[in-house]
Amino acid sequence: MLGIVVLLDAAAVVALVVQGRRDSMSAARAQSLSVAETFAHAPGVAAALDSKDPTAALQPRAEEIRQSTDVEYVIVAGTDGIRYTHPDIALIGKQIPGPFKEALEHGPVTRTVDASRGKAVSSAVPVPRRDGTPAGLVAVGIKVAAVNKLAYPSIPLTVGAGVAALALTTAGAALVSRRLSRQTRGLGPAEMTRMYEHHDAVLHAVREGVLIIGADHRLLLANDEARRLLGLPPDAEGRAVTDLGLASGTAELLASGQVATDELRPAGDRLLAVNLRPTEERGGQPGMVATLRDTTELRALTGRAETVRERLTLLYRAGALIGTTLDVTTTAQELADVAVPGFADSVTVDLADAVLRGGEPGPPTGDTLELRRTAVRSATEDHPFHPAGHVVGHVPTTAEGLGTGVGHTWIVSDLAASRQWCESDPEQAARVLEYGYHSLLSVPLRARGVILGIANFWRAHNEEPFDLDDLSFAEELVARAAVSVDNARRYTREHEMAVTLQRSLLPRGLPEQNALDVAYRYLPAQAGVGGDWFDVIPLSGARVALVVGDVVGHGLHAAATMGRLRTTVLNFSTLDLAPDELLGHLDELVVRMDQDEESDGGAITGATCLYAIYDAVTGRCTVARAGHPGPALVLPDGTVGFPEIPAGLPLGIGGMPFEMTELDVPEGSRLVLYTDGLVERRDRDIDDGLDLLRRSLADRDRTPEETCDDVLEALLPSRPGDDVALLVARTRTLDPSRRVEWDVPPDPAAVAGIRKQAMRWLSDRGLEEEGFVTELILSELVTNAIRYGSGPITVRLLHDRALTCEVSDCSSTSPHLRYATTTDEGGRGLFLVAQFAERWGTRYTDRGKVIWSEQALGGPPPGGLL
């Protein structure tokens, strides 16, 4: 070992001597070049070269520069190489040796040349004119012998330093030998070699990558496993870890120099767990050691866990988003929207027609199930599937098929290879395959043991076909949706039943009468049926009653209550009561209904009503209301008003009478009656609604039908949230030529004169056939009024759709129909009237009563008595 140290020390001394001479030569080159460039670019040098006597101008300056810089010579020459200056005057005017042409053409040149005074280091620099062309050149040289003299004085010092270094190295080697002997525990070279080979074998045999990275972030060592995991090139060692082509995250971590524990980083198609620890903490050199462990299987498990998490999130969203409404079509669309694109690229939902109507589907009658496409959702706008509303034929997956509880899921991993799927509809199958769809999952919507339809999940962009895990998820998703679809179906059925009940309780049509031209609209609420109703009731004496009412709430109870109230109003109207009296009786009925409901634990009924009677003879309308919105009156000139009518309390509160208002209604006016659902909404104040109603009615002469359409378009652009009943009646008046009135003296003898006047009036109008019955009716009614009533007595005949006979007096005593016995002298008059008249009755007025009868025109006498 000592011999090696001596050789190394000697080599170092020689190297120092050689290096000293080399450094001296480098200094000589730099000095000669610097002096040459300084002189060449000095002011006036180029001009002196172009003068008549360059030597006279430049020789003194060159000698001054040579002496001040300790160079061997400073020579100025022309472009032809002829010297103008030289320390030896004898050489002036002669050609200079060396690469002067190269300097003139390419710039400064420094070389060792054989000069006139021996070998020298010479630098030649061109002298430039202002236009850039060379005027000549400057050559500065230093002799090589002078350079060597500079290096010789350092040789003894170098040799002395070498000897001293040899002594120190020898002592250090002895100390190191002793230390190594202690650290190796006396192991010899063979044992050390065997130990190194063993450690190297272990390093490359372990199934965990090991990297040693220096403080400069360069790779010092990589075992075989690390090379395999990272795909390192053969020359990886010695290169910076950021230049090894690793993934950016992995390279940044390895070069960070920070401690890391099981940091997951990608490496190609692998996922590595990286651990980093510093090496200097254990007595090593500054740097890091990294271990790499392949966790690809762990990533697969993590991926499956992430998929499960996403599926659970999707199921949670499905619970929140499916079934937000009680509409079957909307619920089916919500199922499709939830599954795209998180689970499938496209979803179609097909339901039985019976389900859409609220019923339950029955077993299929043919080879295919005829279902109606209810919802479609695709991740792309362009798709090959039939639109909503199209009837789709499905091949049953079981013999029983739809409408039973035994249908099962059908999974098709490869659509192109499925013969059963392709043959069911070859043309549609070709379109689906053309769009790139490759996998199908069909799941029946089953609820309470009944299959309501089928949900189809399709994949195209997702290259993975449906598998068993997808099947379990789809069945869970569809099962949740099926419950919502079934709830919506049952609600639809109950809603249709309630609507059917409500419509059965409302008027099927308008009665025949000539006093009003009537149109109506009824719109049930979107959420469910309500208790709004209306009626047009013909009364005696060319009068018509208009009724609009509203029962608070929705559902079957409200509809049933509405039916009871409407029937009650119809019955009370036969008594010819005034509007305020009729509402009073109706209020008492509602109070009794509430008492019955309270005893049974039911809800209290709340209702409002407006009752109006229009008289076509007088052109007047009497109105009373119980908590209901008042009518709008549109005059013939288009002016719209809302007459002031006392509101009254809603029905069922009791204790307060209702007030009646009488209005003058010119012929051609329009009475508009409505429920509050027309003008009042949650997002609109009732005053704004009334203003809209006013604007929709004004400035146009329209038929009642046109008025209804315009009002609904202006106030209800969408389906209402509450029931709406609208009644528009345009008034008419009875022609004065079709009515006549006589005052009757309170004398039985006056009856004959009344009969004659009536016959004459009837003959003038071609109603001779009605004369006999009219004479009989007038005789009985007038005789009763004279005998039992009090004056004044009036007779009035009205020729409308029927012939009406009215006898009025000031008595409030009402006659009653009864059977007369054989011994009775009277009692048969009203019986005859009832037999000959189509209908008859009594109504009370402010002055007394009116007994009236109606006869059908042109028909045979009633009862077959003649």
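Going by the structure above, here's the rest.
The residue numbers shown here count from 1 along each chain, following its written sequence. Totals for whole chains, interfaces and linings use every residue, but because this is a predicted model, local features are given only for residues with pLDDT of at least 70 and side-chain atom pairs only at 80 or more, for both listing and counting. Calculated side-chain values reflect all of the structure's heavy atoms, with hydrogen atoms and water omitted.

> Could you clarify how one ought to interpret the overall build of the protein in this entry?
When helices and strands are tallied, the protein shows 22 helices and 30 strands. The buried share of the protein, reckoned over its 866 residues, is 44%. Between two residues, a contact is recorded if the distance between any of their heavy atoms is within 4.5 Å. Taking the contacts inside the protein whose residues are at least 6 apart along the sequence as the reference set, 61% of them involve residues at least 24 apart. Numbering goes from the N terminus for both helices and strands, where a helix is a DSSP run of H or I of at least four residues and a strand is a run of E of at least two. Exposure categories follow from relative accessible area, calculated using a 1.4 Å probe and restricted to protein chains: below 20% of the type maximum is buried, above 50% is exposed, and the middle band is partly exposed.

> Teacher, can you tell me more about the packing of aromatic side chains here?
The geometry of an aromatic ring pair is captured by the separation of the ring centres together with the interplanar angle, meaning the angle of the planes. Only Phe, Tyr and Trp rings are paired, with Trp represented by its six-membered ring, and only when their centres lie within 6.5 Å; those with planes under 30 degrees apart are stacked, over 60 edge-to-face, the remainder tilted. Taken as a whole and judged by the stated rule, the model has seven aromatic pairs. Judged by centre distance (4.8 Å) and plane angle (45 degrees), the rings of Phe-385 and Trp-458 are tilted. Taken together, the residues Phe-385 in the loop between strand 11 (369–378) and strand 12 (391–394) and Trp-458 in strand 15 (residues 450–459) connect sequence positions 73 residues apart. By the burial criterion, Phe-385 is buried, and Trp-458 matches it. What links up through ring pairs into an aromatic cluster is the set Phe-343, Phe-457, Phe-466 and Phe-473. A cation sits over an aromatic face here: Arg-459 above Phe-343, 5.6 Å from the ring centre. Only when the NZ atom of a Lys or the CZ atom of an Arg is both within 6 Å of the ring centre and within 35 degrees of the ring normal do we say a charge sits over the ring.

> What am I meant to see in the sheet that holds strand 30 (residues 849–856) here?
In space, the five strands of this open sheet follow the order 26-27-28-30-29, with antiparallel pairing throughout. This sheet does not close on itself; its edge strands, each paired only once, are strand 26 (739–744) and strand 29 (839–844). Taken over all neighbouring pairs, the strand axes of this sheet differ in orientation by 15 degrees on average, direction set aside. Whether two strands pair depends on DSSP finding at least two bridges between them. Bridge count for strand 27 (residues 793–799) against strand 28 (residues 802–809) is six bridges, and the pairing is antiparallel. The residue bridging Leu-798 from the neighbouring strand is Thr-804, located in strand 28. To obtain an axis, a line is fitted to C-alpha atoms, over the contacting stretch when the element is a helix, and the angle between two such axes runs from 0 to 180 degrees between their N-to-C directions. The strands that helix 20 (residues 750–764) touches are strand 26, strand 27 and strand 28; relative to strand 26, the one it contacts most, it runs at about 170 degrees. Against the sheet, helix 21 (residues 771–788) contacts strand 26, strand 27, strand 28 and strand 30, and its axis sits at roughly 15 degrees relative to strand 28.

> Whenever I open this one, the environment of Asp-637 confuses me. Can you help?
Summarising the element assignment, Asp-637 is placed in the loop between strand 21 (632–634) and strand 22 (640–641). On the accessibility criterion, Asp-637 (60% relative accessible area) is exposed. On a C-alpha basis, the gap between Asp-637 and Arg-700 in space is 8.4 Å, while along the polypeptide they are 63 residues apart. A distance of 3.0 Å separates the side chain of Asp-637 from the side chain of Thr-639, its partner in a polar contact. Throughout this description, a polar contact denotes any pair of N or O atoms lying within 3.5 Å of each other; where both atoms belong to protein, one of them has to be capable of donating a hydrogen while the other can accept it, and for residues adjacent in sequence the pair is counted only when both atoms sit in side chains.

> Whenever I open this one, the sheet that holds strand 24 (residues 670–674) confuses me. Can you help?
Backbone-to-backbone hydrogen bonds join strands into a sheet, with any given pair of strands oriented parallel or antiparallel. The strand order 16-25-24-21-22 describes an open sheet built from five strands, whose pairing is antiparallel. Because the sheet does not close on itself, it has two edges, and the strands there are strand 16 (516–523) and strand 22. Strand direction decides the pairing type here: strand 21 and strand 24, joined by three bridges, are antiparallel. Bridge pairing in strand 24 places Val-634 opposite Arg-670. Along the sheet, helix 19 (residues 704–715) contacts strand 16, strand 24 and strand 25 (724–731); its crossing angle with strand 16, the most-contacted strand, is approximately 30 degrees.

> What is the right way to read the pairing of strand 5 (residues 209–214) from this model?
A large share of strand 5 lies buried, amounting to five of its six residues. With six bridges joining them, strand 5 and strand 9 (residues 287–294) adopt antiparallel strand pairing. Residue pairing for strand 9: Ile-212 is matched across the bridge by Val-289. As paired elements, strand 5 and strand 6 (residues 219–222) share three bridges and run antiparallel to each other. Paired with Leu-211 across the strands is Ala-222, a residue of strand 6.

> What should I look at first to understand the environment of Glu-37 in this one?
If you trace the backbone, Glu-37 turns up in helix 1 (residues 2–40). Exposure remark for Glu-37: the relative accessible area of 31% places this residue in the partly exposed category. With 90 residues separating them in the primary sequence, Glu-37 and Val-127 have C-alpha atoms 8.5 Å apart. Once residues within four sequence positions are removed from consideration, Glu-37 is found in contact with Pro-108 and Val-125.

> Got a minute to help me understand the nonpolar core in this structure?
Soluble globular proteins tend to bury their nonpolar side chains together. Definition used in this section: a nonpolar core is a set of buried Ala, Val, Leu, Ile, Met, Phe, Trp, Tyr and Cys residues joined via side-chain atoms within 4.5 Å. By size, the foremost hydrophobic cluster in this structure holds 55 residues, and its most contacted members are Trp-533, Leu-546, Leu-565 and Tyr-611. Top element by residues in this core is strand 19 (residues 607–615). It accounts for seven residues. Ranked by size, the runner-up nonpolar core spans 40 residues in total, among them Ala-336, Val-347, Phe-466 and Val-478.

> Is there a simple way to think about the side chain of Ser-442 in this case?
For Ser-442, the location among the structural elements is in strand 14 (residues 439–447). We classify Ser-442 as buried; its relative accessible area is 8%. Of the polar contacts made by the side chain of Ser-442, one reaches the side chain of Asn-456; its length is 2.7 Å. Once residues within four sequence positions are removed from consideration, Ser-442 is found in contact with Thr-409, Trp-410, Ile-454, Ala-455 and Asn-456.

> Help me out: how do you make sense of the packing of helix 20 against helix 21 in this one?
Two quantities define a packed helix pair, namely the angle between the helix axes and the distance between the axes. Two elements in contact, helix 20 and helix 21, have axes whose closest approach is 9 Å; the angle formed by their N-to-C orientations is 145 degrees. Considering how the two elements wind past one another, helix 20 and helix 21 form a crossing that is right-handed. Residues Val-751, Ile-754, Arg-755, Ala-758, Met-759 and Leu-762 of helix 20 form the contact with helix 21, whose own contacting residues are Gly-771, Thr-774, Glu-775, Leu-778, Ser-779, Val-782, Thr-783 and Ile-786. When residues are grouped by polarity, Ala, Val, Leu, Ile, Met, Phe, Trp, Tyr, Cys and Pro land in nonpolar, Asp, Glu, Lys and Arg in charged, and all others, Gly among them, in polar. Looking at the contact of helix 20 with helix 21 residue by residue, the class counts come to eight nonpolar, four polar and two charged. In this scheme the handedness of a crossing depends on how the near helix is turned from the far one: anticlockwise by less than a right angle means left-handed, clockwise means right-handed.

> Could you clarify how one ought to interpret the packing of helix 11 (residues 328–339) against helix 15 (residues 468–505) in this entry?
At a minimum axis separation of 8 Å, helix 11 and helix 15 run at an interaxial angle of 165 degrees. When the interaxial angle is binned, helix 11 and helix 15 end up roughly antiparallel. Here the hand of the crossing between helix 11 and helix 15 comes out right-handed. In this structure, helix 11 uses Val-328, Thr-331, Leu-335, Val-338 and Ala-339 to contact helix 15, whose residues at the interface are Leu-477, Ala-481, Ser-484, Val-485, Ala-488, Arg-489 and Thr-492. By definition in this entry, angles of less than 35 degrees are roughly parallel, angles greater than 145 are roughly antiparallel, angles of 65 to 115 are roughly perpendicular, and the rest are oblique.

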